[in-house]
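Now for the letters of each chain:
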Amino acid sequence: MNKIRLSAIALAVMGLSACGSDGDDGQTGANGVDGSDGKNSIVTQTVLQQGNAHCPNSGVKVDSGLDSNANGQLDETEIQATNYVCEAGVTEVTNTQIATSLNNDWFKAGQQTITHAKSTWQNAVSAAAGAKAMSNNNARIVTLSGDANAQAAQLTELKQQAKNIILFVGDGMGISTVTAARILDGQNKGKMGEEHQLSFEQFPFAGLAKTYNVDAQTPDSAGTMTAMMSGVKTDVGVIGINENIERGNCATQSGNELVTALELAEIAGKSTGIISTARITHATPAATYAKSPDRNWEDVSDMPQSAIDAGCTDIATQLIEFEQHLESRYSDIDVDGIDVVMGGGRRHFLPKDPAFNSPDANSATEGDRTDNRNLITEWQTAYPQGHYVYDEAGFNAINPDSTNKLFGLFNESHMQYAADRKNDIAGEPSLTAMTEKAIKILDNNDQGFFLMVESGRIDHSHHAGSAYGALTDTIEFANAVAKADSMTDDDDTLIVVTADHGHVFTIAGYPKRGNPILGKVVNVGKDEPALAEDGMPYTTLGYTNGRGFMDLGDETNADASYDHDINTGRKDLTNVDTTATGFHQEALIPKSSETHSGEDVGIFAKGPGAFLVNGTNEQSIIFHVMDKAANLVQQANSQLN
């Protein structure tokens, strides 16, 4: 191709040379007329290769001038003009030329992802435009009529077709936790790890949530979960009440209570459920059902007498009395209470008397309540058809087809870490098992259900400085999401997966691909751990603050670190197995407990209304996504009116 074009250029230039102004006969004047000798003009052509500064795609350099010294050559000093005739650039690339890329699995996967994402967005946008909507999952197509009013009505229907809502909250599951858990899960499955995806990372829609509380740059779970459940941001440490509250001041509560998605679902006639591996009275689960000026008022013994005298109610009591509390706030409604409650925290429901200890009590006196109320028996009295369970055997015996009320308290405080679950005295169900059982019970209601599932111990393990514990609980959390996804229909169930906040947890260094995520950094092309400037190896994972390094061997309880002194700063890890279950990462700044972080967290969604999740959002947007998807406010209002 290049040769042919260059020949044509040369011929064209030679033609121009033959028409020189000096005359073909070498003399001035017209042909056939006498005149003085003229000066011969000379044109030279130089072929330029690809990469030339003037002709990047090759071409010809054309110099012209007068042969003033008559030596028959155009010397440098005789050049009067230079032009370039360049080859045009290549504007097309054939599949053959890029076969190496086209046949690459990474490239093909990227193309498929882009195609899928584009299709998803086109379908969502076309639905909003009133032309056509197609669910991103399972290619369900809904075609709207041509009439504008009818289209609007149909669009409204499209946006509100979620019968069921499941909100998964990975407590403390920041972006770095998701990344590290993804790699660990992949490596546990025999992969290199980085290419792996957790279940919810495969959801078609994702965005970010800004986690700050109204009065705090770095948030706590009370304020963040209140935002997610009510659509309203509030102060740190406050549950179910807006920012007008003064934390810990009962007198400022009245009139500032917020309504939650769970309450709206309850009023709308849906079944409702709460699951947490933390105490069920802890901040995140409490924000679904309680209103409290202080997250620490888990039972009456935690409250100041002034708050009790002022009429504030502890969180455990609010859970047991949820039905009557909700009915007292709205006239002429009749709700049936929360249908499924499972988690830890028995101590807040039992009298402070060893006579009320559960068979698997860890403490000499399990209960904390100082008002002598046994809230477990009160729940059983209120719901005689319900089932209360405290261990895995009792949990396994529950028939979800014939059960409409389930109350499970599997530990006097938080449930076990996923890695330590087998060490529980009486046995505990996994988060995945609890999620499966809850859905089987809740979906008995034709009106649908609302379920909140929290993995509370991701947060706790980070606080203790154990990446292994946090990542193992994150993987179990992803398993629970996968189970819920497999049991529900994308046509009628919105699943949202997010976190309340992150932690000061980092993935650092330059470890080579496939290096154990819990291991020491081994650089690309190397087999031995890299050394820092202090001459010691270092781990990929670490914490900015916290309790610091601990080598606890095969310990699986992350909280065991609290039995040891804080040990921050650099340590020689040369002979330490940092992948062991009991290893706790180094930390820079000494703290009794590692802290939350203030960065954004991810939101992952699928199902009706999921397309509303994109971009960077205030955390309170999650409530509005759930509301728009399931029409919670309108359905609840229709019941109230």
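Located above this text is the structure these notes cover.
Predicted model, so just to flag it, every value in this text is computed and none were measured. (Residues numbered from 1 in each chain as written. Predicted model: local features only at pLDDT ≥ 70, side-chain atom pairs only at ≥ 80, totals over all residues. Heavy atoms only, no water.)

1. Some remarks on the packing of helix 6 (residues 221-230) against helix 17 (residues 621-630)
Between helix 6 and helix 17, whose axes approach to 5 Å, the crossing angle comes to 25°. Looking at the two axes, helix 6 sits roughly parallel to helix 17. Classified by chirality, the crossing of helix 17 by helix 6 is right-handed. Note on element contacts: helix 17 touches helix 6 through Ile-622, Phe-623 and Met-626, opposite Ala-227, Met-228, Met-229 and Ser-230. Looking at side-chain class alone, the contact of helix 6 with helix 17 contains 6 nonpolar, 1 polar and no charged residues. (Axes fitted to C-alpha atoms, helices over the stretch in contact; angles between N-to-C directions. Helix = DSSP H or I, 4+ residues; strand = E, 2+ residues; numbered from the N terminus. Parallel < 35°, antiparallel > 145°, perpendicular 65-115°, else oblique. Left-handed = near helix turned anticlockwise from the far one by under 90°. Contact = heavy atoms within 4.5 Å. Nonpolar A, V, L, I, M, F, W, Y, C, P; charged D, E, K, R; others polar.)

2. Here we look at the sheet that holds strand 16 (residues 541-546)
Two strands in a sheet stick together by hydrogen bonds in their backbones, pointing the same way (parallel) or opposite ways (antiparallel). Taken in spatial order, the 3 strands make up an open sheet running 15-16-19, and their pairing is mixed. Unpaired on one side and paired on the other, strand 15 (505-507) and strand 19 (587-590) mark the two borders of the sheet. Adjacent strand axes in the sheet meet at a mean angle of 20°, parallel and antiparallel pairs treated alike. Of the strand pairs in this sheet, strand 15 and strand 16 are connected by 3 bridges, and their pairing is antiparallel. Among the inter-strand pairings, Phe-505 is bridged to a residue of strand 16, identified as Tyr-543. (Pairing = 2+ DSSP bridges.)

3. Examining helix 6
Taking burial as the measure, the 10 residues of helix 6 include 10 buried ones, the bulk of the element. Those residues of helix 6 not exposed but buried are Ser-221, Ala-222, Gly-223, Thr-224, Met-225, Thr-226, Ala-227, Met-228, Met-229 and Ser-230. Directly beyond the C-terminal end of helix 6, a positive phi value near 80° is found at Gly-231. (Buried < 20%, exposed > 50% of the residue type's maximum accessible area, 1.4 Å probe, protein only.)

4. Notes on the packing of aromatic side chains
Scanning the model with the defined rule gives 10 aromatic pairs in all. Seen from their ring centres, Trp-379 and Tyr-383 are 5.6 Å apart, and the 45° between their planes marks the pair as tilted. Just as Trp-379 is buried, Tyr-383 falls in that class too. Ring centres of Phe-505 and Tyr-543 lie 5.3 Å apart, and the angle between their planes is 40°; on these two criteria the pair is classed as tilted. Of this pair, Phe-505 sits in strand 15 while Tyr-543 sits in strand 16, placing them 38 residues apart in sequence. Taking relative accessible area as the criterion, Phe-505 reaches 4% and is therefore assigned buried. An aromatic cluster is defined as three or more aromatic residues linked by ring pairs; in this entry it consists of Phe-349, Trp-379, Tyr-383, Tyr-388 and Phe-407. (Phe/Tyr/Trp six-rings, centres within 6.5 Å; stacked < 30°, edge-to-face > 60°.)

5. Considerations on the environment of Thr-44
Positionally, Thr-44 belongs in strand 1 (residues 41-50). Here the alpha-carbon distance between Thr-44 and Thr-82, two residues 38 residues apart in the chain, equals 9.5 Å. In contact with Thr-44, other than residues within four places in its own chain, are Lys-61, Val-62, Asp-63 and Leu-74.

6. Section: the packing of helix 5 (residues 175-188) against helix 16 (residues 467-487)
Between helix 5 and helix 16, the least distance of the axes is 9 Å, while the angle of their chain directions is 80°. By the angle class used here, helix 5 and helix 16 are roughly perpendicular. Residues Thr-177, Ala-180, Ala-181, Leu-184, Asp-185 and Asn-188 of helix 5 touch helix 16, and the partners they reach there are Leu-471, Thr-474 and Ile-475. By residue class, the composition of the contact of helix 5 with helix 16 is 5 nonpolar, 3 polar and 1 charged.

7. Section: the side chain of Asn-374
Here Asn-374 shows up in the loop between strand 9 (340-344) and helix 12 (375-382). Among the polar contacts made by the side chain of Asn-374, one reaches the main-chain amide nitrogen of Ile-376 at a distance of 3.0 Å. Those residues within four positions of Asn-374 in sequence are excluded, and the remaining contacts are Phe-349, Leu-350, Pro-351 and Phe-356. (Polar contact = N/O pair within 3.5 Å; in protein donor to acceptor, adjacent residues only side chain to side chain.)

8. Remarks on the sheet that holds strand 22 (residues 616-618)
Pairing within the open sheet is mixed, and its 10 strands lie in the order 10-11-9-8-12-6-13-21-7-22. The sheet is open, and its two edges are formed by strand 10 (387-389) and strand 22, each paired on a single side. Here the strands of the sheet are splayed against their neighbours by 15° on average, with no regard to which way each runs. Sheet analysis places strand 6 (residues 164-170) next to strand 13 (residues 493-498), joined by 6 bridges and oriented parallel.

9. Here's the deal with the pairing of strand 7 (residues 205-210)
Here strand 7 shows a clear split, with Phe-205, Gly-207 and Ala-209 buried on one side and none of Ala-206, Leu-208 and Lys-210 buried on the other. The pairing of strand 7 with strand 21 (residues 601-606) spans 5 bridges and is classified as antiparallel. Note on strand 21: the bridge partner recorded for Phe-205 is Ala-605.

10. What to know about the pairing of strand 6
For strand 6, the buried fraction is high: 7 of the 7 residues fall into the buried class. By the bridge criterion, 6 bridges tie strand 6 to strand 12 (residues 449-455) in an arrangement that is parallel. Bridging across to strand 12, Ile-165 finds its partner in Phe-450.

11. Digging into the environment of Ser-597
Of note, Ser-597 is situated in strand 20 (residues 596-597). By relative accessible area, which is 5% here, Ser-597 ends up buried. For the pair Ser-597 and Gln-217, spaced 380 residues apart in the sequence, the C-alpha separation amounts to 8.9 Å. Once you skip the residues sitting within four places of it in the chain, Ser-597 turns out to touch Thr-218, Pro-219, His-501, Gly-502, His-503 and Val-504. In terms of polar contacts, Ser-597 uses its side chain to reach the backbone amide nitrogen of His-503, at 2.9 Å. Separated by 2.5 Å, the side chains of Ser-597 and Glu-599 make a polar contact.

12. Considering the nonpolar core
In this structure, Phe-168, Phe-200, Phe-349 and Val-497 are the most contacted members of the largest nonpolar core, which totals 108 residues. Beyond its immediate stretch of four places on either side in the chain, Phe-200 contacts Met-173, Val-178, Phe-477, Ala-478, Val-481, Val-497 and Phe-604. Judged by nonpolar contacts, the second largest core, of 5 residues, contains Cys-250, Trp-297, Met-303 and Ala-307. (Core = buried A, V, L, I, M, F, W, Y, C linked by side-chain atoms within 4.5 Å.)

13. A short note on the pattern of salt bridges
For the structure on display, the rule yields 30 salt bridges. In this structure, Arg-347 engages Asp-368 in a salt bridge whose closest nitrogen and oxygen atoms are separated by 3.4 Å. One end of the pair, Arg-347, is in the loop between strand 9 and helix 12; the other, Asp-368, is in the loop between strand 9 and helix 12, and 21 residues separate them in sequence. On the basis of relative accessibility, which here comes to 23%, the residue Arg-347 falls in the partly exposed class. A residue is classified by how much of its surface remains accessible, and Asp-368, at 23% relative accessible area, is partly exposed. (Salt bridge = Lys/Arg side-chain N within 4 Å of Asp/Glu carboxyl O.)

14. Brief notes about helix 12
Within helix 12, burial applies to Leu-375, Ile-376 and Trp-379. One side of helix 12 holds all its buried residues, which, seen down the axis, span an arc of 110°. Looking at the packing, one finds that the buried side of helix 12 touches helix 10 (315-320), strand 10 and strand 11 (406-409). The opening residue of helix 12 is Asn-374, an N-cap whose side-chain oxygen sits 3.0 Å from the backbone nitrogen of Ile-376. (Arc of directions from axis to C-beta.)

Function cannot be read off these values alone, since they describe shape.
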